[in-house]
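These are the residues of each chain, in order.
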Number of protein chains: 2
Amino acid sequence: MIFRQLFESASSTYTYLLADPVTRRALLIDPVVEEVETYAALLADLGLTLEYTLETHVHADHVTAGAALRERFGSRTVVHRDGGAACADVPVKHGDHIRVGAIELEVRETPGHTNGCVAYVGADRVFTGDTLLIGGCGRTDFQQGDAGRLYDSVHSELLSLPPDTLVYPAHDYKGRSVSTIKEETATNARLGGGTSREAFMAIMANLKLAYPKQIDRAVPANQHCGREVVSQG
Amino acid sequence: MIFRQLFESASSTYTYLLADPVTRRALLIDPVVEEVETYAALLADLGLTLEYTLETHVHADHVTAGAALRERFGSRTVVHRDGGAACADVPVKHGDHIRVGAIELEVRETPGHTNGCVAYVGADRVFTGDTLLIGGCGRTDFQQGDAGRLYDSVHSELLSLPPDTLVYPAHDYKGRSVSTIKEETATNARLGGGTSREAFMAIMANLKLAYPKQIDRAVPANQHCGREVVSQG
């Protein structure tokens, strides 16, 4: 598999390119609209055809490149059916699979950060979005956030994966690029080391986080696959 | 192999952790002094012993964590013998090997960005420092920089590696994390696509780059493995 992790520094977002080396077909997970030219150059350099863009959820901190890439490359946008993104070409649900050549990703619903959060599970790695971050997790105080649901999602759908599974999150704010299920189970500051559901909910209730800078722009735009913002630009 | 790419955002530096999963012995390539706590936490979380810190060269844009890590973990600092870093525990030269458990890295001299630049070549990847960046290369207008030597180094020591070899540079300023020899040979804006030595030298002579912000602090500190700065802090 061709695999590239890309970083968008304004929102500290990780975007992932996965491609089948034989068919040269590709997908992008959580692409950011400001980075379209970077993706286009990379696809051209590698000789790849973009088939899908996958969202782990409707983001509040950046605008997706889904619509812009669809217009440019004919790629199809993949968003969970509960994300409020009627624009999605492929509204997915738990247990669905996305296939690109020999690459297969299983959709797992992981609500908690938002209603429509999903993880994409591959052969040796999982793309966890904001549900499970390296050493932490996404906030649960807006967009239908629910700390108890997030705790249940992480335990039932993510920490239950094989221990060596690579964890690729949607963000990191400390320069870390990857982790494993084993590490998060042992050392995640909010969810690891046997933290109880009640203790986790108390942690999440007392974070006192600032109102997200981009949320009023990003969420409506992302519910249109980023199209509104692109057409204004 | 346990492998982690870490990003220091102030200088856009990539640091690499490599560790043997059996012996749990580790090395860091191009660690940054401000990130010592990140490395310490990661080593502890993964249960690793730090054996070496390797410099690809005496950096001008950040201060190495070599001395700080040596003081904390007893790790040995590895720098090319022409780097002007008499502090190095292991002054290396072309053809030397650094071994940590089952991991073996070959030292290849790649002068041009500085006199003492090296690449570290592993089984399927190369750590190129500033000699070969994704789509570009390090500047050659200070620290004994020599565009012709850089061109020769890249062609003889790096682009001659197997095409699928992963290229891990010391920096990227556009959020890209990795490339391959094949891609750089084909598409590197300065060195790829059959660019001649003369054309490359003309490109490098006309970059008109600003004086590096950190050079007057970083180079003397790095010639002491970062120790002076640490002792002042």
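From a predicted model like this one, the values you see are computed outputs, not experimental measurements.

Enquirer: Could you give me a rundown of the pairing of strand β11 (residues 166–169) of chain A, with the residues and numbers involved?
Expert: Residues and elements named next belong to chain A. Looking at chain direction, strand β10 (residues 125–129) and β11 are connected through 4 bridges and run parallel. The partner of Arg125 across the bridge, within β11, is Leu166. The pairing of β11 with strand β12 (residues 179–180) spans 2 bridges and is classified as antiparallel. Counterpart to Leu166 in the pairing with β12 is Thr180.

Enquirer: Tell me about the packing of helix α3 (residues 147–158) of chain B against helix α5 (residues 197–205) of chain B, residues and numbers included.
Expert: All names here are of chain B. Contact geometry of α3 with α5 gives a least axis separation of 9 Å together with a crossing angle of 130°. One finds that α3 runs oblique with respect to α5. Handedness of the α3/α5 crossing: right-handed. For the pair formed by α3 and α5, the contact residues are Ala147, Gly148, Arg149, Leu150, Tyr151 and Asp152 on the first element and Arg197, Phe200, Met201 and Met204 on the second.

Enquirer: Please provide a residue-by-residue account of the state of the cysteines, values included.
Expert: By the definition in use, this model includes 2 disulfides over all chains. Disulfide pairing places Cys87 of chain B opposite Cys225 of chain B at an S-S distance of 2.2 Å. On the sign convention where negative means left-handed, the S-S torsion of about 85° between Cys87 of chain B and Cys225 of chain B marks this disulfide as right-handed. Linking Cys87 of chain B in the loop between β5 (76–80) and β6 (90–92) with Cys225 of chain B in the loop between α6 (215–222) and α7 (227–232), this pair joins segments that are 138 residues apart in sequence. Considered together, Cys87 of chain B and Cys225 of chain B belong to a single accessibility category, that of buried residues. Looking at the unpaired Cys117 of chain A, the closest cysteine sulfur is the one in Cys137 of chain A, lying at 11 Å. The class for Cys117 of chain A is buried, based on a relative accessible area of 1%.

Enquirer: Could you give an account of the relation of the copies chain A and chain B, naming the residues involved and the relevant values?
Expert: Mapping one chain copy onto the other needs a rotation about an axis and a shift along that axis. Taken as rigid bodies, chain A and chain B are interconverted by a rotation of 180° and an axial shift of 0.0 Å, the fit giving an RMSD of 0.0 Å. Here the transformation between the copies is reduced to the relation of a two-fold axis. Closest to the rotation axis within chain A is the C-alpha of Ser9 of chain A, separated from it by 4.4 Å.

Enquirer: Tell me about the pairing of strand β2 (residues 13–19) of chain B, and name the residues and values.
Expert: The side chains of a regular strand alternate, first on one face of the sheet and then on the other. Residues and elements named next belong to chain B. Summarising burial for β2: 7 of the 7 residues are buried, a large majority. What you see with β2 is no split at all: Thr13, Thr15, Leu17 and Ala19 on one side and Tyr14, Tyr16 and Leu18 on the other are buried throughout. Two strands pair when backbone bridges link them, and β2 and strand β3 (residues 25–29) are joined in this way by 4 bridges, in the antiparallel orientation. From the neighbouring strand, Tyr16 faces β3, where its bridge partner is Ile29. What sits between the antiparallel neighbours β2 and β3 is a turn of 5 residues, in which Arg24 has the positive phi angle 65°.

Enquirer: Give a detailed account of α3 of chain B, specifying residues and quantitative values.
Expert: Three- or four-residue spacings in an α-helix give side chains the same orientation, since the helix completes a turn every 3.6 residues. Residue and element names in this part refer to chain B. A rise of 1.5 Å per residue sets the reference length of α3, with its 12 residues, at 16 Å; its end C-alpha atoms lie 15 Å apart and thus fit the reference within 8%. Within α3, the full set of buried residues consists of Ala147, Gly148, Leu150, Tyr151, Ser153, Val154, Glu157 and Leu158. In this structure, the buried side of α3 is in contact with β8 (103–109), β9 (118–121), β10 (125–129), α4 (181–187) and α5. Two or three places before Gly148, at the opening of α3, Asp146 has a side-chain oxygen 3.0 Å from that residue's backbone nitrogen.

Reading the values: rules and limits
Residues numbered from 1 in each chain as written. Chains lettered and ligands numbered in written order. Predicted model: local features only at pLDDT ≥ 70, side-chain atom pairs only at ≥ 80, totals over all residues. Heavy atoms only, no water. Pairing = 2+ DSSP bridges. Helix = DSSP H or I, 4+ residues; strand = E, 2+ residues; numbered from the N terminus. Axes fitted to C-alpha atoms, helices over the stretch in contact; angles between N-to-C directions. Parallel < 35°, antiparallel > 145°, perpendicular 65-115°, else oblique. Left-handed = near helix turned anticlockwise from the far one by under 90°. Contact = heavy atoms within 4.5 Å. Disulfide = S-S within 2.5 Å. Buried < 20%, exposed > 50% of the residue type's maximum accessible area, 1.4 Å probe, protein only. Least-squares fit on C-alpha atoms with pLDDT ≥ 70 in both. Expected span 1.5 Å × (residues − 1). Polar contact = N/O pair within 3.5 Å; in protein donor to acceptor, adjacent residues only side chain to side chain.

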